[in-house]
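A look at the structure
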Amino acid sequence: MVDLSHAPFNLDRDAIDWVESTIASMTLDEKIGQLFINLNVSFDEKYLDDVVGRHGVGGIRFMGADSATVQQHIRYAQSVAKVPLLVASNPEMGGAGSIDDGTLVTTHLGAGSSPDPDDAYRLGLVGGRETAAIGCNWAFAPIVDIHRNWRNTVIGTRSFGDNADIVIERAKRYFDGLSETGSAAAMKHFPGDGVDERDQHVVTTYNTLGYDEWDESYGRVYRELIAHGVQSIMIGHIGAPELSRRFRPELTDAEILPATLAPELLQDLLRGELGFNGLILTDASMMIGMTQAMKRSDAVPAAIAAGCDMFLFFRDAEEDLGYLRAGIESGVVSEARLHEALTRILGLKASLGLHTTPREQLVPPASALETIGSDEHRAIAAEVADRTITLVKDTQSALPLSPSTHPRIRLYGVTGQSDFTGTDPSGYLDVAREELERAGFEVHVFKNALQRQAEGEEGVYFHTVMAEEANGGYADLYDAAIVFANVSGFAQEATVRIRWSTPMASEIPWYVTEVPTVFVSLQQPNHLVDVPMVKTMIHSYAPSREAIRATVEKITGASEFTGSFNENVWCGDIWGTRL
């Protein structure tokens, strides 16, 4: 039974009556629709008429666009919904990532590296403010995974750190900041990512810890955040063999399922031992971590039967709704399980006051968009960057570099491919050049063979570029080299590493023996596995102007490094990373 009067819902009698009367008034199709969260892939009103008006989904998440476009989209969606919608966003880095013009404050790792725990609060506050301004009321954050495996890159920048204590402290502060804006939180990804090195977007992954070790780490994180008031939990497509067998000792290896389909993990562990009373939702349902486990027609009802209250994203709306209906009619999903899921969905909506808010006020007025990318939020991003920028090593005492001692800088960019967000991953290099020039340096930007060919230059081959770049006159041309790496992305490969532009590319730091060389990571914390030869390594945590400006100030000695790092930076102590 669901107790809506208790945490995290805390509903009064009137709100509980609304939940119960609304469920009682629904047809079976309307009940089924409420269990789905749609990924809105079109801004067309006819599209919303279908997915929201006809199918009656319980929640939506939108694709990225400018804030004005998204706000109007959400406004129309709420206007055609019979029951007010949960509107989700992914404010993991602030407003950036949810809307094109949002403020990039820092990553979770950046907030975990700051000496000030309240930088995690500021991250949640800015993200909550900017997404609330467009009409969102539900955040798929904070991320409470523990980055135990340095090879894991899907949460390399998306975890507060490598131990439960830092994750608990910073996740609570993030939640506090987010909560001030009126949004509910969905922490993720139960039962916990960061043990396996792989990405469940492309393969089922596993948390292989024994129960006692899990309970003292991930289990403690979930207990603390549940007690702190988190309203919902996103379930990862992550299997946990030892946890499953604690409750189902007879399970064979082939019967170990990802948590989204495992009733022993959702009902016995999360609901039972951890006492979670809030809403449970799946992670994105087209991730291979789920789809490789069983066919779609079975997985849709199985996830609900296992204990998930909401199903994240249709593959095909008509199909998925039909699969769930068939599961209900066949008894895979019991009437009690359906009612329990609906109670929690509507309970979360009532806890946000959606049931009493006039429909025209569910989305703020256009004037609310003034907070997005505001001077106040940019100032917060700059302050956070100043505290979080981290000097990992400077074993040859190359720093500081100043225009008076090292005026001529050779600037290199190491760029990952554009990920599924479509964001241009190379714009950071122009910002880096501008900020170095602003500091007084003479900057010479390196262009690799592919870039020169794209610009129409003929007779260019990686070997000719190497001959031009790597020669005995290098130190006569440049006084220092600075490399900015913006290598990110997930959902397309199991792990992410540096991919150089060509074989034996000239941007690879061969020049460390020629001039002082500084390597700056704007994303991943594990680059020393690929560039152990660099003697000066800085982590900046974000490809934003604020982070890059703060980094340049610290390179020149204008401000001090105050950020910290965890042992993952040494990549399992691969030989040479500490040298």
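Figured I'd write up the structure that's included with this text. (Residues numbered from 1 in each chain as written. Predicted model: local features only at pLDDT ≥ 70, side-chain atom pairs only at ≥ 80, totals over all residues. Heavy atoms only, no water.)

Let us now look at the pattern of salt bridges. Under the defined criterion, the tally for this structure stands at 46 salt bridges. Its salt-bridge partner being D119, residue R122 comes within 2.8 Å of it at the nearest N-O pair. Taken together, the residues span about one helical turn, with R122 and D119 both in helix 6 (residues 118–133) at a distance of three residues. Residue classification places R122 among the partly exposed positions, given a relative accessible area of 22%. Taking the shortest distance from any N to any O, the salt bridge between K554 and D386 comes out at 3.1 Å. Remark: D386 occurs in helix 16 (residues 375–388) and K554 occurs in helix 21 (residues 545–555); sequence separation between them is 168 residues. Given the relative accessible area of 2%, K554 is considered buried. D386 gets classed as partly exposed once you look at its relative accessible area, which sits at 30%. Several salt bridges converge on common partners, so that one network encompasses R433, E434, E435, E437, R438, R545 and R549. (Salt bridge = Lys/Arg side-chain N within 4 Å of Asp/Glu carboxyl O. Helix = DSSP H or I, 4+ residues; strand = E, 2+ residues; numbered from the N terminus. Buried < 20%, exposed > 50% of the residue type's maximum accessible area, 1.4 Å probe, protein only.)

In spatial order, the strands read 11-16-15-14-12-13; together these six strands make up an open sheet with mixed pairing. Edge strands, defined here as strands with exactly one partner in the open sheet, are strand 11 (390–394) and strand 13 (442–445). The sheet shows a mean angle of 20 degrees between the axes of neighbouring strands, direction not considered. (Pairing = 2+ DSSP bridges. Axes fitted to C-alpha atoms, helices over the stretch in contact; angles between N-to-C directions.)

Moving on, we get to the pairing of strand 7 (residues 232–235). Across the two faces of strand 7 the burial is the same, with S232 and M234 and I233 and I235 all buried. Bridge analysis of strand 5 (residues 184–190) against strand 7 gives four bridges, and the strand direction is parallel. Counterpart to M187 in the pairing with strand 7 is I233.

Along the chain, I304 turns up in helix 13 (residues 296–306). As a C-alpha pair, I304 and F9 span 295 residues in sequence and 20 Å in three-dimensional space. In this view, I304 contacts L35, D309, L324, V333 and R337; residues no more than four positions away in its chain are not counted. (Contact = heavy atoms within 4.5 Å.)

Another point: the layout of surface pockets. Space inside the second largest pocket adds up to approximately 700 Å³. Looking at the second largest pocket, it is lined by 27 residues, and the ones nearest its centre are G413, V414, T415, G416 and N448. Listing elements by their share of the lining of the second largest pocket, those giving two or more residues are strand 12 (408–415), helix 17 (428–438) and helix 18 (449–454). The element that contributes the greatest number of residues to the lining of the second largest pocket is helix 17, accounting for four residues. (1 Å grid on protein atoms, 1.4 Å probe; cavity = no way out; pocket = protein on both sides within 12 Å on 5 of 7 lines; lining within 4 Å. Points joined across faces, edges and corners; volume = space filled by probe spheres on them.)

Put simply, helix 7 (residues 164–179) and helix 9 (residues 218–228) touch, their axes get as near as 10 Å, and they point 20 degrees apart. In terms of orientation, helix 7 lies roughly parallel with respect to helix 9. When you trace helix 7 past helix 9, the crossing you get is right-handed. Touching A164, D165, V167, I168, A171, K172, F175 and D176 of helix 7 are R220, V221, E224, L225 and H228, all from helix 9. (Parallel < 35°, antiparallel > 145°, perpendicular 65-115°, else oblique. Left-handed = near helix turned anticlockwise from the far one by under 90°.)

Below, the discussion takes up the packing of aromatic side chains. Applying the stated rule across the entire model yields 14 aromatic pairs. Judged by centre distance (5.2 Å) and plane angle (80 degrees), the ring pair of W138 and F140 falls under edge-to-face. Taken individually, W138 and F140 each receive the classification buried, so the pair is uniform in this respect. A centroid spacing of 6.0 Å and a plane angle of 10 degrees characterise the contact between Y474 and Y511, whose relative ring orientation is stacked. Placement of Y474 in helix 20 (residues 474–477) and of Y511 in the loop between strand 14 (480–486) and strand 15 (517–521) is noted, with a sequence separation of 37 residues between them. Taking the relative accessible area as the measure of exposure, Y474 reaches 1% and is therefore buried. Every member of this aromatic cluster is reached through a ring pair, and the members are Y412, F446, Y474, Y478, W510 and Y511. One cation-aromatic arrangement involves R158 over F490; the distance from NZ or CZ to the ring centre is 4.6 Å. (Phe/Tyr/Trp six-rings, centres within 6.5 Å; stacked < 30°, edge-to-face > 60°. Lys NZ or Arg CZ within 6 Å of the ring centre and 35° of its normal.)

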